[in-house]
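# Examining the three-dimensional arrangement
Below, each chain spelled out in residue letters.
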Amino acid sequence: MHHQTITVLAQSWHSKKALISETIWISVFAFIGSLWLFSSILLRFTTVTAAQNDVIGMNDSYQNVWMLWWTAHALEKNQSPFQTELLFYPLPTNLFWQTLQVTHGLIAAPVTLLFGPIAAYNVVAIASFVLSAVTMYWLARLSGNSPFAAGVAAMIYSFMPFHVSKLYDGQLEMASIQYFPLLTIGLLCMFADQKRRLLWIGINGLIIIWIMFTSWYYGLFSLIYTPLVGFWMTLVDRTGVRVKSYYLCSTFGCLVLPGLVILANIFSLPSYSPDESAYRMFLRSAQVLDFFLPSPHHPLWGEWVREIQIGLHGGAGMINISLGVLIWPLVVIGLVACRRLPMYWFHLALALSFMVLAMGPRLVWNGQQTDILLPFGLISHLPGVQVGQRPNHFVVVAAVHLSVLAAAGIDTMLRWQAQQSVRASIVIVTLIIVDLLPMPVSGAEMQLSPAYKQILRGSGAIFEVPFQMDSAAPLLAQITHQRPIMGGYLARTPDYPFVNSDGVYTLWTGRIRNTILSDDWLQALVEVMQAQQIEYVIAHYALLSPSQRTIVDRLSERLEIVYQDRETVLYRLTDAMKPRVTFAFDRGWHELERDSTGQRWQWMARESTTYLFNGHREPRLLLLTVNLMAGVPQQHLTLTLLDHTQRPVTTVTLPVSPSRRSYSFLVNIPSGVLQLRLVADRTLTIPNDSRELAIVVQGIKVVDVITVPAEAAVTAR
């Protein structure tokens, strides 16, 4: 590639004053366009920009409201925003891989603290349209296009239907498409300015990190995009091998800083079932027709387009990847006119690359998956990629380069109509407006139960019944009461073993379950609430199953009713809090058994896990007693106690007797959650019993001995 083409950056901005002036004008035009799109919510400070009739969109939007609030709250409390104990209490919840959008939280913190997180959400949403127009304008001007052509391309990019859909879907983090043109500019400047290559490598690395902390989907895209930019640059460039090797090395150098960030947190990366992930990728793989459909948000043909999209994708949500219709003839005109310039083949190659990636792991044709493997299929099984289950969203990267080509097409049309350039400009702008005109986003407003207003100030947690995995209402309520809640609404639901605690399990699932720890679920529930400082239970009757309603009705036997209406009952624990250790049976335990004499026991499998939740704020010295009986002679059991980072606290191996025997240990455990892992060396075979049976457990008990320093020794007897 001729360096004159790349260094057009310095030539296209005739002065800093012109740069500032042009940026201001494009910002004003983009803001005016945003006023129409946001007109339904501008004066309603309790409403977010999302589709009112879309449950997922409403919940996603209010989840993002919570994320903005949480980041500002964490900054105010001088703590890390990547870790919280307000959700999935009493476990510490890692938010690093969630849709935290900490970048938005940091930027919008002043608005959040002064006017509230809903106002901050709307400000960030509007800013995404203004900033995406500005950065796209800069890139189009860098590519040598006129101010008018660059401005129209900026509006096409900023107001493309895909971007508008992110508002309807309530996905604030994915509405931030402004960073891809900025990353492209940084990469082109890095290629052109080899004297300051280390500086540009560092800047681009920081841009990628910023994108990752805004949206992990877009972070994944940027990690794929950066080396592809270097690859295509080497193919279309006409310079020597040395310069080409610089292109490749520098683009991979941009990934060093982001790679270190990912490696530092790789062990907390969530995972999905491969089958579930593959199915979601199939539903959200772009089909050829998707790229050329008009806007589904248009007042004239929007409903017709939505019906086509639903037919193609089996009713799945978040499937729109439309860029509008007019962009395609403009792209063709731009390519024909600039076919001798390597820079435009570079843009075409990247656009086509990401359109193919958007089509998912296998080609989907007319709603049916074929056996034709596509490039994305080569990486779709990698852990980080598997979490990103929307390959169709790769279109946002293709849109960057298609917009540059469209700008070249506009300039070409104006040269063809040089004598009537004003009239031609008016026609182009009119057609773009007609093509992309969206319906204003209606706005979503979530109504909360009056019961939340009855919650007194304090630190005790709140038990929401039922667990609403797909509802952000508890998060919105938490912004007001600021108490921890059991459960929560997160894009990637973490493991939550606390719900297996006796009593909690029954209220959570609506199924009564007895264990060797307790025969009375209500008494067990009260004890767990005391031990873990859970003060309130709020039951949403309209959402309860019949079995859950029967169970919830019994709460009044031990808890005080604070508030009640037709839909909600708020209960409060009036007993004194008594912090202690709570057990929760997890995997590897069979159902409780008993005989005619009243003896009770549970078989464990070869490997079983039990969680311990230390309700104290400091380490405690506990006397742990287990009553065991071997299923076969000469059997051994290894008990390993691990802290929340899965580091062993202590490990003990016991020879288990065929007769009942008690084994006691003095063990110092830290505050919070621990896992007790039990592994037997042999199993028992019983005719006509398919269960894996290892050891009979007849009791587990802890006695709180004393508070001790964290470095206290562990003993056993």
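Below is a summary of the structure that appears in this document. Every chain's residues receive numbers from 1 upward, in the order its sequence appears when written. Only residues with pLDDT of at least 70 are given local features in this predicted model, and only at 80 or more are side-chain atom pairs given and counted; all residues enter the totals for whole chains, interfaces and linings. Side-chain metrics in this entry use all non-hydrogen atoms of the structure; hydrogen atoms and water are not considered.

## Notes on the overall build of the protein chain
- By definition, any uninterrupted DSSP run of H or I lasting at least four residues is a helix, any uninterrupted run of E lasting at least two residues is a strand, and each is numbered from the N terminus. Scanning the protein chain from terminus to terminus reveals 25 helices and 20 strands.
- Projecting the C-alpha coordinates of the protein chain onto the three principal axes gives extents of approximately 105 × 60 × 50 Å.
- Classification of the 717 residues of the protein chain by burial places 58% in the buried group.
- Of the contacts made within the protein chain by residues no fewer than 6 positions apart, 77% connect residues no fewer than 24 positions apart.
- Here the open area of atoms and residues is found with the Shrake-Rupley method and a 1.4 Å probe, where only the protein chains shown may cover a residue. A total of about 30900 Å² of accessible surface is found on the protein chain, and carbon and sulfur atoms cover 61% of it.
- The average position of the 48 basic charges and that of the 44 acidic charges among the side chains of the protein chain differ by 9 Å. A simple rule labels every residue: compare its accessible area, found with a 1.4 Å probe on the protein chains alone, to the largest value its type can have, and call it buried under 20%, exposed over 50%, or partly exposed in between. The contact criterion used throughout is that any non-hydrogen atoms of two residues lie within 4.5 Å. His residues and chain termini do not enter the charge count, which takes Lys and Arg as positive and Asp and Glu as negative. Taken as the charge centre is NZ of Lys, CZ of Arg, CG of Asp or CD of Glu, depending on the residue.

## Considerations on the environment of Ala 153
- Within the fold, Ala 153 resides in helix 8 (residues 147-158).
- The class of Ala 153 is buried, set by a relative accessible area of 0%.
- Linking Ala 153 and Phe 29, residues 124 residues apart in sequence, is a C-alpha distance of 13 Å.
- The residues contacting Ala 153, other than those within four sequence positions of it, are Met 136, Ser 403, Ala 407 and Ile 410.

## Some words on helix 16 (residues 302-312)
- Those residues of helix 16 not exposed but buried are Gly 302, Val 305, Gln 309 and Leu 312. Looking straight down helix 16, one finds that the buried residues subtend no more than 85 degrees of arc, so they occupy a single side. Summarising the geometry of helix 16, the exposed residues directed more than 90 degrees from the buried face are Glu 303, Glu 307 and Gly 311.
- Note on helix 16: the residue one or two positions beyond its end, Gly 314, has a positive phi of about 60 degrees. Directions are taken from the helix axis to each C-beta atom, and the arc is the one they span.

## Examining the packing of aromatic side chains
- Pairing of aromatic side chains requires ring centres within 6.5 Å, counting the rings of Phe and Tyr and the six-membered ring of Trp. Pairs whose planes differ by under 30 degrees are stacked, by over 60 edge-to-face, and all others tilted. For the structure on display, the rule yields 33 aromatic pairs.
- Here Tyr 246 and Tyr 247 contribute two aromatic rings whose centre-to-centre distance is 6.0 Å and whose plane-to-plane angle is 50 degrees, an arrangement assigned as tilted.
- Owing to a relative accessible area of 10%, Tyr 246 belongs among the buried residues under this scheme.
- Among the residues examined, Tyr 247 registers a relative accessible area of 0% and is labelled buried.
- Plain terms: the ring middles of Tyr 279 and Phe 282 are 6.2 Å apart, the flat faces sit at 50 degrees to each other, and that makes the pair tilted. Here the residue Tyr 279 and the residue Phe 282 both occupy positions in helix 15 (residues 274-283), the gap between them amounting to 3 residues, near one helical turn.
- Feature note: the residues Phe 88, Phe 463, Phe 467, Tyr 496, Phe 498, Trp 508, Tyr 611 and Phe 613 constitute an aromatic cluster, connected by ring pairs.
- Sitting over the face of the ring of Tyr 505, Arg 513 holds its NZ or CZ atom 4.1 Å from the ring centroid. Look at NZ for Lys and CZ for Arg. If either is within 6 Å of the ring centre and within 35 degrees of the ring normal, a charge sits over the ring.

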